[in-house]
Amino acid sequence: MLILVLNCGSSSVKYQLYDMPGEICLAKGIVEKIGVKTPNHNAAVKRIISSIKKINAVGHRVVHGGERFKESTIIDKGVIKAIKQYSRLAPLHNSPNLAGIYACKRLFPRLAQAAVFDTAFHQTMPAYAYLYGLPYAIYKKYGIRRYGFHGTSHRYVAGEAGKILRRPLKSLKIITCHLGNGCSITAVDKGESVDTSMGFTPLEGLVMGTRCGDIDPAAVLYLMKKKKLSISRTDELLNKFSGLLGLSGKSRDMRDILSSAHRGNQRANLALEVFIYRIRKYIGAYIAAMNGCDALVFTAGIGENSPYVRREVCRHLSSLIKKFKMRILVIPTNEELMIARDTYRLVR
Ligand code: ADP
């Protein structure tokens, strides 16, 4: 079965074509500059599909599945309606995801389509982990709670860790660190996400390329008042100009931060220290959350490629690593393959 995996972002569409169940990737690519070179998502999807001979089904990455989607699902009218509803919570993500779904529907009205949600894996979090200390009525009325993201990646690498350790997931406590431009960390107990660092939006948790991660909300209010910042400027400050970029004043890219720090740049070194300390703190918290840990997994651009970051994270955890006999694993993530697997399972 030939499965097209689509990841429609605001300005690009990434795709991979999988032959399932053999899990062979036959083609992959990206259409960039949507809105500039390619007029819209419809045109981008059309271009991708015209370069491929045959497709049996499409699997879409959808960022926000709210509380409704606890796993991947075949897309029908009701699902589209719900994804549209959750666009309120993730307008920058769900809207382009939907545009890709509509484009496929228009081009191939009868083709089976599946949605694989970034939030779904974390729907197993207990209420005490996903609730904020806000009035309960606010959670009920506005859906303000922690959802978590990168779920497909955390689920994939946790599964691979089980295979590497040759143990059933049901018997393992795993901490998965997805360290890319966006960074998040998840506690996976018996194969289920029991806590994760991203929250209501991907802004919470670790320090990232351009996002600040955890911050006292009062600091944000103070700053808005003091600098008379609008909501959108504040949003931009926290999401686009903070994190490694904001702290170093140089770059959001870990490779630049590492080389500057190693050349003696103080601010780059400070950014690196804050980045690493925050990861270590979360690992400690998740060992406590699960009362133990069998494996610590590193994945995504930084996690897979930076021995320095991995070593620094682990260096100060050595007594915990010894105590729990934790295995440290580097596992390349593959969200597209996971989407292809889910789509194959659902369509078959
Ligand atoms: P995205 O979240 O956009 O998918 P990636 O998973 O590709 O991003 O991760 C991008 C990050 O990985 C960047 O900060 C980049 O600097 C970092 N990275 C890539 N290669 C290396 C490397 N060899 N050493 C350190 N960091 C790296």
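All figures in this text were calculated on a predicted structure; none of them were measured in a lab.

What counts as what
- Residues numbered from 1 in each chain as written.
- Predicted model: local features only at pLDDT ≥ 70, side-chain atom pairs only at ≥ 80, totals over all residues.
- Heavy atoms only, no water.
- Pairing = 2+ DSSP bridges.
- Helix = DSSP H or I, 4+ residues; strand = E, 2+ residues; numbered from the N terminus.
- Contact = heavy atoms within 4.5 Å.
- Axes fitted to C-alpha atoms, helices over the stretch in contact; angles between N-to-C directions.
- Near = heavy atom within 4 Å.
- Polar contact = N/O pair within 3.5 Å; in protein donor to acceptor, adjacent residues only side chain to side chain.
- Areas by Shrake-Rupley, 256 points an atom, 1.4 Å probe, with all protein chains shown as cover.
- Disulfide = S-S within 2.5 Å.
- Parallel < 35°, antiparallel > 145°, perpendicular 65-115°, else oblique.
- Left-handed = near helix turned anticlockwise from the far one by under 90°.
- Phe/Tyr/Trp six-rings, centres within 6.5 Å; stacked < 30°, edge-to-face > 60°.
- Buried < 20%, exposed > 50% of the residue type's maximum accessible area, 1.4 Å probe, protein only.

Chemist: What is the right way to read the sheet that holds strand β5 (residues 73-74) from this model?
Modeler: Note: strands within a sheet are paired through backbone hydrogen bonds, in either parallel or antiparallel orientation. With mixed pairing, six strands are arranged side by side in an open sheet as β3-β2-β1-β4-β6-β5. A single partner strand is all that each edge strand has here, and the edge strands are β3 (24-31) and β5. Looking at chain direction, strand β1 (residues 2-8) and strand β4 (residues 57-62) are connected through four bridges and run parallel. Across the sheet, the residue bridging to V5 is G59, located in β4. Contacts from helix α15 (residues 335-347) reach β1, β2 (13-19), β4, β5 and β6 (112-117), with the element oriented near 130° to β4.

Chemist: For this particular structure, what's the right way to read the site of the ligand?
Modeler: With respect to spatial proximity, the complete set of residues near the ligand consists of G180, N181, G182, D253, M254, R255, L258, A300, G301, I302, N305 and S306. A distance of 3.3 Å separates an oxygen atom of the ligand from a polar atom in the backbone of I302. Relative to its unbound accessible area of 580 Å², the ligand is 68% covered by the protein chains. Broken down by secondary-structure element, the contributors of at least two residues to the shell around the ligand are α10 (254-262) and α12 (300-305). If one sorts the elements of the shell around the ligand by residue count, α12 sits on top with four residues.

Chemist: Would you mind showing me how to read the state of the cysteines here?
Modeler: Under the counting rule described, the total for this entry stands at zero disulfides. The structure places no disulfide on C183, whose sulfur is separated from the nearest cysteine sulfur, that of C177, by 9.7 Å. As a non-bridged cysteine, C314 has C177 as the owner of its nearest cysteine sulfur, 8.2 Å distant.

Chemist: Is there a simple way to explain the packing of helix α2 (residues 77-86) against helix α3 (residues 91-107) in this structure?
Modeler: Angle between the axes and distance between the axes: these two values describe a pair of packed helices. At a minimum axis distance of 9 Å, the contact between α2 and α3 shows a crossing angle of 155°. Relative to α3, the element α2 lies roughly antiparallel. Our pair here, α2 against α3, has a crossing hand that is left-handed. Here I80, I83, K84 and Y86 of α2 come into contact with α3, specifically with N94, L98, I101, Y102 and K105.

Chemist: What is the right way to read the environment of M208 from this model?
Modeler: Locating M208 in the fold gives a position in the loop between β9 (192-196) and α7 (217-226). For the pair M208 and K240, spaced 32 residues apart in sequence, the C-alpha to C-alpha distance is 9.9 Å. Excluding residues within four positions of it along the chain, M208 makes contact with N181, G182, C183, M198, P202, L203, G243 and L244.

Chemist: Hey, could you run me through the packing of aromatic side chains in this one?
Modeler: Here a ring pair, both rings aromatic, is described through the centre-centre distance and the interplanar angle of the planes. Applying the stated criterion across every chain, the model contains five aromatic pairs. Here the aromatic rings of Y147 and F200 are separated by 6.3 Å at their centres, their planes lie at 40°, and the arrangement is tilted. Within this pair, whereas Y147 is found in the loop between α5 (136-142) and α6 (151-165), its partner F200 is found in the loop between β9 and α7, the two being separated by 53 residues in sequence. Judged by relative accessible area, which is 2%, Y147 ranks as buried. With 5.7 Å between their ring centres and 70° between their planes, Y282 and Y286 make a pair best called edge-to-face.

By themselves, these are just geometric observations and shouldn't be taken as functional.
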